[in-house]
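# Structural characterization, general
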Protein chains: 2
Amino acid sequence: MPDTLSEATRSEFDRDTSVRLREPGVHDADLSPGWAIGHALNGGYLLAVLGRALGKTLPHPDPFTVTAHYLSATAAGPAVVRSETARAGRTLSTGTASLFQTGADGEEAERIRVLATYGDLGALGDDVRTSAKPPIMPPREQCFSAQDYPAGPDATPEISKRLDLRLDPATCGWAVGAPSGRGEMRGWLGLADGRDADPLSLLMAVDALPPTAFELGLSGWVPTVELTVHVRARPAPGPLRVCVTTANLAGGFLEEDVQIWDSADRLVTQSRQLARAKLD
Amino acid sequence: MPDTLSEATRSEFDRDTSVRLREPGVHDADLSPGWAIGHALNGGYLLAVLGRALGKTLPHPDPFTVTAHYLSATAAGPAVVRSETARAGRTLSTGTASLFQTGADGEEAERIRVLATYGDLGALGDDVRTSAKPPIMPPREQCFSAQDYPAGPDATPEISKRLDLRLDPATCGWAVGAPSGRGEMRGWLGLADGRDADPLSLLMAVDALPPTAFELGLSGWVPTVELTVHVRARPAPGPLRVCVTTANLAGGFLEEDVQIWDSADRLVTQSRQLARAKLD
């Protein structure tokens, strides 16, 4: 796949996460404001940019386990990703990647640091022993989209225009001022342009739903400290089901645990993030 | 606390995870064979060594979220940990640490790479909204220790002598050739020398129980690819309850999800690891 942009043939997601090789291990990116939530770019979108750059540096194609620590707020615009291989093995390879932006002072500031192990999902056996059950939720057409948002679709974050997200009404109480008090968020998720999910877009998908903190009655910003994603299988075409749960909000921090199921009822991704909560 | 050893006043755990400052960001360690399982050193023990060294480099004392990728097998004996600060903020600081050993060829080989964010657990508010429930398991005296192992305590791994581990009989079927088929392992955990748990020993505790894979009917080695630990609170004195669950064994990989509860019924740690399974 060429590194140059080919907008006619690429989805919004592919275009906006594309990176250009500057020199070995160094990729330039142009971060799109289309994935913003307020002034901040979505952490999952940024992880996909880092994941794409790291995948071009490591000898294996697919992210198996990716951890990101979010160091400072990333703005839309130019960025550079510096990647390094820590170990290249036969079936797995491990490396780091850091996203930098040049600040107002002309200095490069590190925004995000990633440590990840890649492999080849296509090379895995097809044995599956899963005791986890797909979420029970209403069919897609009975779920809420950004169009249904009480304050109107213009009040939803910019990223919502990139996504085809339909939230389970049972986890939408927050949108009408009646949060359930349960740390749960569930929805059907696709890309608005119809592009099917792949391992790279799963890195974005784990961070695409509104924070569970909203259903816990908190309304403030919930910045991610750390996010770890395990991609366990290539997703089948079709919409994903994304379930997020929070069991422990304590001392101003909470975890968000994510399962992503594909249209073939396969658990394709597990992730957990540690986030800070602004307590009311 | 001095970096020199003071065996008279330290526990086995403190002695065996101690590090000596060589120069800023570089610590020497002497890895103890006392934490071995077969020929390999326990990944949680090694994480505690790395966590101690990184904690001496970063400005904050406690591990909040620590991710380790295990690159190559670590042997007992000398090792060096090189740490680096990525960002030092007011409430959180982030850094990396790598453990190296000198191979037979005289070259330094990287064994483990860590990316972590530290903070001050003592500075957190005491608000807790936890929906997770402590595990239901028999009292400690009704659980199985290494003394009860059918093949005798000498057949148990070396690490078992460092631990006061009492497994819930409901998750011990594997020890008598009758695994339950459920991906569950639960037990009461303390250190054999009576030292109480702290944030550093929790990094070890998340990896101290036998693999859930045993209860899934697998008997082979289950090497950790990646392990992420969230320490959410300082543990109260007394034994910990550790619950490990595996929901998804697929393509030769499985996750182990861990909750650790302290004697005050507080969820003090969550962790997840991605491991490789040798399928029978």
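Since the model is a prediction, treat every value here as computed from it, not as a measurement.

### Side note on the domain arrangement of chain A
Accessible area lost on assembly of the parts is the figure often given for the size of an interface. All names here are of chain A. When the domains of chain A are assigned, the result is domain 1 (12-121) and domain 2 (140-276). One C-alpha centre belongs to domain 1, the other to domain 2, and the line joining them spans 21 Å. Contact with domain 1, which involves 29 residues of that partner, is made by 27 residues of domain 2. Buried surface at the junction of domain 1 and domain 2, both sides included, amounts to about 2400 Å², of which 61% is carbon and sulfur. Looking only at domain 1, the three residues that lose the most surface to domain 2 are E12, F13 and L121, adding up to 23% of its buried area. Where domain 1 packs against domain 2, one counts four salt bridges. A salt bridge links D14 to R195, with the shortest nitrogen-to-oxygen separation between them at 2.8 Å. Put simply, domain 1 and domain 2 have 15 residue pairs in polar contact (both at pLDDT 80 or more) between them.

### Some details on the side chain of T228(A)
With respect to the helices, strands and loops of the structure, T228(A) is situated in strand β12 (residues 224-231). We classify T228(A) as buried; its relative accessible area is 6%. For T228(A), the side chain forms a polar contact with the side chain of T67(A), separated by 2.7 Å. Residue contacts for T228(A): discarding those within four places in its chain leaves T65(A), V66(A), T67(A), Q270(A), S271(A), R272(A), T67(B), E226(B) and T228(B).

### Remarks on the pairing of strand β6 (residues 77-88) of chain B
All names here are of chain B. As paired elements, strand β2 (residues 26-31) and β6 share six bridges and run antiparallel to each other. Bridged to H27 within β6 is V81. With eight bridges joining them, β6 and strand β7 (residues 93-102) adopt antiparallel strand pairing. When the bridges of β7 are listed, T85 appears paired with G95. In textbook terms, the turn of a hairpin is the stretch between consecutive antiparallel strands, and for β6 and β7 this stretch comprises four residues.

### Notes on the environment of A86(B)
One can find A86(B) in strand β6. Remark: the alpha-carbon pair of A86(B) and L115(B), spanning 29 residues in sequence, is separated by 9.4 Å. When neighbours within four sequence positions are excluded, A86(B) is seen to be in contact with L71(A), E110(A), R113(A), T94(B) and G95(B).

### Considerations on the pattern of salt bridges
In this structure the tally under the stated criterion is 44 salt bridges over all chains. Close ionic contact of R162(A) with E12(A) constitutes a salt bridge, the shortest N to O distance being 3.2 Å. Here R162(A) is found in the loop between β9 (128-130) and β10 (163-167), whereas its partner E12(A) is found in helix α1 (residues 12-16), with 150 residues between them in sequence. Residue E12(A) is classed as partly exposed on the basis of its relative accessible area of 21%. With a shortest N-O distance of 2.6 Å, R195(B) and D198(B) are connected by a salt bridge.

### A closer look at the nonpolar core
The biggest cluster of nonpolar side chains holds 62 residues, and the ones touching the most others in it are L31(A), L47(A), V114(A), L163(A), M204(A) and I260(A). Excluding residues that lie within four positions of it along the chain, L163(A) makes contacts with W35(A), L189(A), G190(A), L191(A), A192(A), M204(A) and A208(A). L50(B), F64(B), L227(B) and V231(B) belong to the second-largest nonpolar core, a separate cluster that totals 61 residues.

Procedures and definitions
Residues numbered from 1 in each chain as written. Chains lettered and ligands numbered in written order. Predicted model: local features only at pLDDT ≥ 70, side-chain atom pairs only at ≥ 80, totals over all residues. Heavy atoms only, no water. Domains from an automatic or database assignment. Contact = heavy atoms within 4.5 Å. Buried area = accessible area lost by both parts, 1.4 Å probe. Salt bridge = Lys/Arg side-chain N within 4 Å of Asp/Glu carboxyl O. Polar contact = N/O pair within 3.5 Å; in protein donor to acceptor, adjacent residues only side chain to side chain. Helix = DSSP H or I, 4+ residues; strand = E, 2+ residues; numbered from the N terminus. Buried < 20%, exposed > 50% of the residue type's maximum accessible area, 1.4 Å probe, protein only. Pairing = 2+ DSSP bridges. Core = buried A, V, L, I, M, F, W, Y, C linked by side-chain atoms within 4.5 Å.

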